[in-house]
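Listed here are the chains, written in short residue letters.
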Amino acid sequence: MSDLDGRMGGLTAGYDIKAKWDGERLRGRVGGRFNGKDIDLTLKGGEVDGRIGGVFGGFDANGKVSGEQVEVRLGGHINGDNVELKVSADTITGRFSGRIDGKDVDLRRDGPTLRGRIGGHLDGKDVELEFGLIPPALAALAAVCAFKALEDEQNDAAASSSSS
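Here goes a summary of the coordinates provided. (Residues numbered from 1 in each chain as written. Predicted model: local features only at pLDDT ≥ 70, side-chain atom pairs only at ≥ 80, totals over all residues. Heavy atoms only, no water.)

The sheet built from 12 strands closes into a barrel, its strands ordered 1-2-3-4-5-6-7-8-9-10-11-12 with antiparallel pairing. Sheet twist, expressed as the mean angle between neighbouring strand axes with direction ignored, is 15 degrees. When strand 9 (residues 91–96) meets strand 10 (residues 103–110), the two strands line up antiparallel, connected through six bridges. Residue Thr91 lies in a different strand from strand 10, and its bridge partner there is Arg108. (Pairing = 2+ DSSP bridges. Helix = DSSP H or I, 4+ residues; strand = E, 2+ residues; numbered from the N terminus. Axes fitted to C-alpha atoms, helices over the stretch in contact; angles between N-to-C directions.)

This is the structure:
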């Protein structure tokens, strides 16, 4: 077993990321007990499959993860986001959610730690993750999933407060 442990975003407007890795399955939680989502990703033979959140308030993750790249779809075919990352020895970079409306992913690897940012300077979130023996590409995917979960929650909160 190895742990994924870190934070997405700031102290007040962020999510903790905590999960356990058994060599094939990454299971845990992004966010807190009430404002968060379960994460359950299985990586087998370069294919990743899983779910972030529950049956109704979540999204699927399906695609390919290797030592060189991540190509995963989060959500459905219509209302979903692509994750396309390039993995090197000390960086993991790419895009999440498309070329126009998407966000940059810029993570630096230092041993078993990923640090960096997802999104731009104004609308992005800082990432700091300890990933132990978890494949770095899978740890980066978990960070993107946490970003999407946090962004979805913030968008839902903004929509409900503007409609009241």
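Still more ground to cover, so stick around.
A few words on the pairing of strand 5 (residues 47–52). Covered by surrounding structure in strand 5 are Val48, Gly50 and Ile52 only, the residues Glu47, Asp49 and Arg51 on the alternate face being uncovered. Examined bridge by bridge, strand 4 (residues 36–44) and strand 5 share six bridges and lie antiparallel to one another. Across the sheet, the residue bridging to Leu41 is Gly50, located in strand 5. Here strand 4 hands over to strand 5 after two residues, with Gly45 in that stretch at a positive phi of 60 degrees. Alignment of strand 5 against strand 6 (residues 59–65), held across six bridges, turns out to be antiparallel. For Val48, the partnering residue across the bridge sits in strand 6 and is Gly63. Linking strand 5 to strand 6, which pair antiparallel, is a turn of six residues; within it Gly53 sits at a positive phi near 95 degrees. (Buried < 20%, exposed > 50% of the residue type's maximum accessible area, 1.4 Å probe, protein only.)

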